[in-house]
Amino acid sequence: TLTEIPEELFGCEGPCRTIVVYCRSGNRAVGAIELLLANNFTGTIYNGLGVSQWTEAGYDLVDTDSVLPSCSQDSNEFVACDDDAVEAPSMTPTIMESQAPSRTPTI
C-alpha cells in the first residue's frame, strides 16, 4: 500500500500532466490514485489496472530499467508545466479507467 507520493513524482502535480497508475492486479492502483488526488495532483490520471490484465490480454511485459518522468524535478530532462497554457481544470481531475485492449483487429 502506497502511503506517500514517490519523490520521483514531485513536479508532476500540474494540470498539464498525465499519470498512468498500475500495479500487479489493479487493487493498489486505486489506492495510489486516491493518494495522488489527496495530494492535489490535478492532471489526467489513468487507472492502468494491473499488469496481470495486460498479460492475460496477450501482451508481453518489458524488463528494462525505469526512467524518471520528464516532469520529475530530479530528471535531467525536467520540463516545467506551463499552467498558463492549459485550461484551468475543474475541481476534480480527470480519471480515466483503462481496459485491457483486445487482441482482435478492428476491420
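Rules behind the numbers
- Residues numbered from 1 in each chain as written.
- Predicted model: local features only at pLDDT ≥ 70, side-chain atom pairs only at ≥ 80, totals over all residues.
- Heavy atoms only, no water.
- Helix = DSSP H or I, 4+ residues; strand = E, 2+ residues; numbered from the N terminus.
- Areas by Shrake-Rupley, 256 points an atom, 1.4 Å probe, with all protein chains shown as cover.
- Buried < 20%, exposed > 50% of the residue type's maximum accessible area, 1.4 Å probe, protein only.
- Pairing = 2+ DSSP bridges.
- Expected span 1.5 Å × (residues − 1).
- Arc of directions from axis to C-beta.
- Right-handed = clockwise from strand over helix to strand, strands pointing away.
- Phe/Tyr/Trp six-rings, centres within 6.5 Å; stacked < 30°, edge-to-face > 60°.

What follows deals with the overall build of the protein chain. If you tally the helices and strands in the protein chain, you get 2 helices and 3 strands. In the protein chain, the succession of α and β elements from N to C terminus is β-α-β-α-β. Counting every atom, the protein chain has about 7800 Å² of accessible surface; 49% of that belongs to carbon and sulfur.

The buried count for strand β2 (residues 44-50) comes to 5 of 7 residues, which makes it a mostly enclosed element. Pairing of strand β1 (residues 18-23) with β2, which is carried by 5 bridges, proceeds in the parallel orientation. Counterpart to I19 in the pairing with β2 is I45.

It is worth spelling out unusual backbone geometry at this point. We note that N40 has phi near 65°; this positive angle belongs to a residue other than glycine. The backbone of L49 sits at a positive phi, close to 60°, despite the residue not being glycine. Along the chain, L49 turns up in strand β2.

What follows concerns helix α1 (residues 27-38). Between its terminal C-alpha atoms α1 stretches 18 Å, which fits the 16 Å expected from 12 residues at 1.5 Å a residue. The set of residues buried in α1 consists of A29, A32, I33, L35 and L36. Down the axis of α1, the smallest arc covering the buried residues is 160°, so these residues share one side. Turned more than 90 degrees away from the buried face of α1, the exposed residues are N27, E34 and A38. N40 occupies a position one or two residues after α1 and carries a positive phi of about 65°.

With that out of the way, let us pick up the pairing of β1. Residues I19, V21 and C23 line the buried face of β1, whereas the alternating positions T18, V20 and Y22 sit on a face that is not buried. In the classification by handedness, the crossover that spans β1, the intervening α1 and the parallel β2 is right-handed.

Bringing the packing of aromatic side chains into the picture now. For any pair of aromatic rings, geometry is given as the distance between the ring centres together with the angle between the planes. Tallied over the entire structure, the rule returns 1 aromatic pair. For the pair Y22 and W54, a centre-to-centre distance of 5.1 Å together with 45° between the ring planes defines the contact as tilted. With Y22 in strand β1 and W54 in helix α2 (residues 51-56), this residue pair connects regions lying 32 residues apart in the sequence.

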